[in-house]
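Working through the structure, step by step
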Amino acid sequence: MAMALSSLQVLLFSLLLAASAMAFPAQQPAMGRVRWQVDRVNRRGPSLGLVMSYVDEDTALQASGYFTPWRVLPFVDLYGRRFHIGSIRGVNVIYALTGQRRLNAAVTVQTLIDVFSVSGIVHYGTAGSSNDSMSFGDVSVPKLVAYTGAWTWKKFKSPKESSTELSFGEYNTPNGGENLLGSLKFRNEELYSVGKSVKEVFWLPVDSAWFKIAEQLKVKLERCNDTFCLPTTPQVVYGLKGASADMFLDNAEYRKFLFREFRVSTVDEESAAVVMTTTSPGVPVIVFRGVSDLAGGEPTWSSTSLMNLASINALKVAVEFIATVGKHKSTISVQRSNN
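Residues numbered from 1 in each chain as written. Predicted model: local features only at pLDDT ≥ 70, side-chain atom pairs only at ≥ 80, totals over all residues. Heavy atoms only, no water.

In the nomenclature of an unreviewed UniProt entry, the protein chain is known as Nucleoside phosphorylase domain-containing protein of Urochloa decumbens.

What follows is the structure, encoded as structure tokens:
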């Protein structure tokens, strides 16, 4: 009887092992290796997270020589994305290409915050200009960003409300009038924050302390690249507003509408998602966007060349900011150790 019971136990144990192997065929060893890699990276201490959306923006960083990979572990592959481990100007940095639009940006930033030890998120990239005062190659450091891609569609002949609306009838040609498309009412976003009740917001601010640091930067931007030169040297512009939506804006009238109603100076697809994702847990964030085109305007130069130059200039400002924040933190650490 004892031998029969023992044989039954062995059989049950074998079946359990087989079931476990079927449920987790190759994930267990792979995830175990990733966890070890993440722990190894985090033992270096906190890093700054650096994110960009387009391949051209990633290429600008790789070609710049600013980023020095960590010899011990130069990257970690996680959830289909590659997180590069290294430093910029002596400051620990983990950078990742998010991919385009809101979902990709939010998922990448959330992964950085949840998995790695990051003290803040720096976001750089290109943008379209919606304000004539912003020129090609300029870099905008917005103080506020909004997601302008969430709408409530109002019915034909709905009463006008006090909040901002886009009425399609106003764009009838040759004369404005009523239109069966009705109008769009722009919606707020639901912001969930640690220790606070959910609230509806439209404008999302970047970190105020980081913005003050950025305002003090002295960066000379590039006027030329390998193929052409701009007529004037681009400038860094502070304190404007930016708008994001899951679409490439290529319509002059809508560009003018956004500037007229919201006073936004740049449009892109990711900034609002990056800022909102970091705002919820209270992680510092800042945005640098280089102007590569006039949204909905006729291109004066090759869009590829402009994107390249805009990426380089946005990266230059981001790198200078990273170096300054790193130096600022080092000074604070020394002061604390002396007290």
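Right, let's talk about the overall build of the protein chain for a bit. Looking only at helices and strands, one finds eight helices and 18 strands in the protein chain. Sorting the 339 residues of the protein chain into buried and exposed places 43% on the buried side. Partitioning the intrachain contacts of the protein chain with sequence separation of at least 6 by distance along the chain shows that 76% fall at a separation of at least 24. For the protein chain, the accessible area works out to roughly 18100 Å², and carbon and sulfur atoms hold 55% of it. (Helix = DSSP H or I, 4+ residues; strand = E, 2+ residues; numbered from the N terminus. Buried < 20%, exposed > 50% of the residue type's maximum accessible area, 1.4 Å probe, protein only. Contact = heavy atoms within 4.5 Å. Areas by Shrake-Rupley, 256 points an atom, 1.4 Å probe, with all protein chains shown as cover.)

So, about the pairing of strand β6 (residues 118-129). Within β6, eleven of the twelve residues are buried, which leaves it mostly tucked inside the rest of the structure. Here strand β1 (residues 47-52) runs beside β6; their pairing, made up of five bridges, is parallel. What sits directly across from L48, in β6, is G120. Pairing geometry for β6 and strand β18 (residues 285-294), over nine bridges, is parallel. Bridge assignment links H123 to a residue of β18, and that residue is V287. Inspection of the sheet shows β6 paired to strand β17 (residues 264-268) by two bridges, in the antiparallel sense. The residue bridging S129 from the neighbouring strand is T266, located in β17. (Pairing = 2+ DSSP bridges.)

Take the state of the cysteines next. Applying the stated criterion across every chain yields a total of one disulfide. With a sulfur-sulfur separation of 1.9 Å, C224 is cross-linked through a disulfide to C229. Residues C224 and C229 share a disulfide whose torsion about the S-S bond is about 115 degrees; that sign makes it right-handed. You can call C224 partly exposed: its relative accessible area is 28%. (Disulfide = S-S within 2.5 Å.)

Okay, the environment of L294 next. Along the chain, the position of L294 falls in strand β18. Residue L294 is classed as partly exposed on the basis of its relative accessible area, which comes to 27%. In this structure, the C-alpha to C-alpha distance between L294 and A127, residues 167 residues apart in sequence, is 8.8 Å. Ignoring sequence-local partners within four residues, the contact set of L294 consists of S129, D132, F136 and R255.

Across the eight residues that make up strand β4 (residues 81-88), a large majority, seven, are buried. With three bridges joining them, strand β2 (residues 67-69) and β4 adopt antiparallel strand pairing. Note that in β4 the partner of T68 across the bridge is S87. Across four bridges, the pairing between strand β3 (residues 75-78) and β4 is antiparallel. Note that in β4 the partner of V76 across the bridge is F83. Hairpin geometry of β3 and β4 is characterised by an intervening segment of two residues between the two adjacent antiparallel strands and by a positive phi of about 55 degrees at Y79.

Our next topic: the sheet that holds strand β10 (residues 165-167). The strand order across the open sheet built from three strands is β9-β11-β10, with neighbouring strands paired in antiparallel fashion. The strands lining the two open edges of the sheet, one partner per strand, are β9 (151-154) and β10. Strand-to-strand twist across the sheet, computed as the mean angle between neighbouring axes with direction ignored, equals 20 degrees. (Axes fitted to C-alpha atoms, helices over the stretch in contact; angles between N-to-C directions.)

Before going further, it helps to examine the packing of aromatic side chains. Taken as a whole and judged by the stated rule, the model has 13 aromatic pairs. Their ring planes at 90 degrees and their centres at 5.2 Å tell us that F202 and W203 sit as a pair that is edge-to-face. Its relative accessible area of 15% is what places F202 among the buried residues. Looking at W203, the relative accessible area reads 25%, which means it is partly exposed. Taken together through their ring pairs, the aromatic side chains of W151, F186, F202, W203, Y254, F257 and F262 make up a single cluster. In this arrangement the basic side chain of R102 is found over the ring face of Y147, its NZ or CZ atom lying 3.7 Å from the centre. (Phe/Tyr/Trp six-rings, centres within 6.5 Å; stacked < 30°, edge-to-face > 60°. Lys NZ or Arg CZ within 6 Å of the ring centre and 35° of its normal.)

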